[in-house]
Amino acid sequence: MKISYLLNTVRYLHRYSSVLTAKSSSTTRKHILWISICRDPLGNVNFRDLFLNLFPSLHGSSLRFLSQKTDVFSTGAEVLVGEQASPSSVEAEKLDHPGSFKAKCVVDENDPFFATLQKCTCPCDALDLAAESAVSIKHYTNCLTTAWRLFKNLSEEQQRYEKQLIFEHPAFARLCQQLLRKSRRMTRGDLVFSLHAAVSLGVPQNTLLVQTLLRVCQERLNQLDNRCVSVLASTLSGMDKDKNVSALQAGLQLLVEQRISSIKDIFILQNLMKCMGKDIPVFLKKKLEMAVLKEIDHLTFPNALRVVFALVAMNYCSYPILNVCSKKIQENVHDAPLRQLILILQACHTLQYRNVKLFSALADYINSTACLWDKRLIVLFLSACETLGFQPSELMETFAEKVTEDPELLYLKNLLIVLRVYSRLNYVPRVQKHLFFETLHSCLNKCLPQISNTDLLKAVHSLCILGYLPHQALDELLQKDSKNQLILSDDLYKEQKETMLRYVKTCMELDSPSFTKPAFVLTENLSSPVSLNLRKAQEALIELLGDENMFLQNVQLPYKYHIDFEIRMDSDRKKVLPITATDDHPDSSVQRLALLFVPLSAFCVGTVHPQGKLAMKKRHLNKLGFDVILIQNKKFQEMTKEDAVEFLKGKIYSEEAFSSSEVAVQDN
């Protein structure tokens, strides 16, 4: 009897000391956070060493580290790394495994433990409670998931220090041991959420705890409900590939394929799309697409955003889903922060999804609220538009005004982005055009002392594309070029830089105020046959003009410019002249037409507005004496032969075709 009293006294003293230690760690947590800015305790911590130092009692016990090739055969505390379990231990595990699986247990509202757990305000509070009051596996699993829930709501800086406090907490080792011992008796919800919390908190993947939970998930995979499947998929997506993770992912893929028709929750569907990723088979991507479309009527604005990003993660462009999501986003655009709108544009670029109504709605909203946003974020939004090839003209006009009012916004990085955006999208402000260019030039001049050779070339190239010559920057560029500093022999982008430099030198000559329009430019008719892509245009011109001698094809001009077809007409543009006649008698009164068949990508999305390089080429051909007709090749190829002839007839004999700044087939 006295011995039993003595043992009880020892137990109470041990428990009391552990509680005091746990509470003291919770008490000091705030003091550590206050001095967090002074030192980074996790800066050079090796997590393997951290675990073994924090839990010295675990050397040779339950929280062992495994190699990725090590199988987990037992959950016993005495199993050594790489040891094979005896047949008796395997049989014991089979007895531990329940024959049937019940639904996730509902938390007992009358249990004061869970009421206290809900009042915890930091992860260490949950661990304190586990040390003091946890008596069942349900208590331990809820403590771990609560610790993760509180941890993820902290700032990034707080998380770094809170993680160390968690690993140092004396209750954490005991909690991990309990999870390991009772893993095969957990409910399915506790099993999956405990794995998710452990991995998310940073428990190393090669510990026996994580590997055992993975193996138990494999054994009970068919018993998991749809919610647990979704959480498990999310957990595995953030883990490194090893034997257990790969096996579980393969099984999970088969399970999702079987259950996909029964999943009605749009949140679970989008999470599965995101977590299963781009490597799943196409047929499974289509099944997920059809499952989402069945529930598309219940789509909310937050879910619409998640579904778009899930499609990106799956690398699958579903126009039916994206069209519905686009409408939902347009209706709720005022509820989205600017950073999220930028992510939407980036997602559309990744998926190669072009929706002009969506792009316009986002740009109009940003333009109407431009005064509310950080100008640096507007620069990023414009950059995303440039990547898509979409020109938000009103927003670009508004931003140009902001730049002229506050040039300090354009430090080097922003300046390069703005130059690239306005250059590629070929936008020149309608108001204060000259002041806008002078502002950009002035900002560039301020950056010249520290700008790199490559950035200098990019900046000058962008301004030249727009038709503006930045003289001071040009002088610096040409000096570097004369010293062979711009393009190195081993430069990976040598060819690209040479092309940019050639464009710059062409602009210096053709866009110079001293350049005069030549009376007649000699052209070279290349001997190579016309490409198959232009065969239809060649046949239509022969039928329209009656003879191949009435036009030139595949023409090479000075400055390395090339045009598809050249036609020469009289001064009144009423009659097409034979090429040979005009070659023998060059006359300035001869009107020369340049027909350019260009791809859809050469125009800004949804318009017939040419992008930067095409606009520069058109401007330079005008300087060389050509009237340019831009024809969208894809639309032309879709015409019948009769329609193609009529279309070319209207463009060749129409004076409006030459007076218009942009001529192309409209993209519907």
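Rules behind the numbers
Along each chain, residues carry numbers from 1 onward, in the same order as the chain's sequence is written. Two thresholds apply to this predicted model, a pLDDT of at least 70 for residue-level local features and 80 or more for giving and counting side-chain atom pairs, whereas whole-chain, interface and lining totals are computed over all residues. Side-chain descriptors were evaluated using all non-hydrogen atoms of the structure, hydrogens and water having been removed beforehand. Whether a residue is buried, partly exposed or exposed follows from its accessible area with a 1.4 Å probe, protein chains only, as a fraction of its type maximum: under 20%, in between, or over 50%, in that order. Going along the chain from the N terminus, every DSSP run of H or I of four or more residues is numbered as a helix, and every run of E of two or more is numbered as a strand. Any two strands with at least two DSSP-identified bridges between them are counted as paired. Residues enter a patch when their relative accessible area is above 30% and they make no salt bridge; the linking distance is 9 Å between like charges and 5 Å between nonpolar side chains (Val, Leu, Ile, Met, Phe, Trp, Tyr). Exposure was quantified through the Shrake-Rupley algorithm and a 1.4 Å probe, taking into account, for residues, occlusion by the shown protein chains and nothing else. Salt bridges are defined by distance alone: a side-chain nitrogen of Lys or Arg within 4 Å of a carboxyl oxygen of Asp or Glu. Think of it this way: Lys and Arg go in the positive column, Asp and Glu in the negative one, and His and the chain ends go nowhere. Charged side chains are reduced to one point each, which is NZ for Lys, CZ for Arg, CG for Asp and CD for Glu. By the convention used here, residues are in contact when the closest approach between their heavy atoms is within 4.5 Å. Per residue, pLDDT measures the predictor's confidence, with a range of 0 to 100.

**Student:** Sorry, what's going on with the pairing of strand β2 (residues 552–556) here?
**Tutor:** Regular strands show a simple pattern: their side chains alternate between the two faces of the sheet. Buried residues dominate β2, accounting for 4 of its 5 residues. Pairing of strand β1 (residues 524–525) with β2, which is carried by 2 bridges, proceeds in the antiparallel orientation. Paired with N525 across the strands is V555, a residue of β2. Relative to strand β3 (residues 562–569), β2 runs antiparallel, the two being bridged by 4 bridges. Residue pairing for β3: V555 is matched across the bridge by I563. In sequence, β2 turns back onto β3 through a hairpin of 5 residues, with Y559 there showing a positive phi of about 65°.

**Student:** Sorry, what's going on with a negative patch on the surface here?
**Tutor:** The grouping of E401, E405, D406 and E408 at the surface amounts to a negative patch. Note that E405 resides in helix α20 (residues 393–405).

**Student:** Please clarify how the side chain of T506 should be interpreted in this entry.
**Tutor:** Within the secondary structure layout, T506 lies in helix α25 (residues 494–510). Residue contacts for T506: discarding those within four places in its chain leaves D511, Y559, Y561 and H620.

**Student:** Where do I start with the pairing of β3 in this structure?
**Tutor:** Of all 8 residues that make up β3, 7 are buried, and the element is covered over most of its length. The pairing of β3 with strand β5 (residues 591–598) spans 5 bridges and is antiparallel. Along β5, the bridge assignment pairs E566 with A594. Bridge count for β3 against strand β4 (residues 576–577) is 2 bridges, and the pairing is antiparallel. By the bridge assignment, R568 is partnered in β4 with L577.

**Student:** What is the right way to look at the confidence of the model for the chain in this model?
**Tutor:** Low-confidence regions, as indicated by low pLDDT, have predicted coordinates that should not be scrutinised in detail. Confidence in the prediction of the chain, expressed as mean pLDDT, is 81, and 79% of residues score 70 or more. Confidence drops under pLDDT 50 across residues 657–668; counting only partners more than four residues distant or on other chains, this segment forms 34 contacts.

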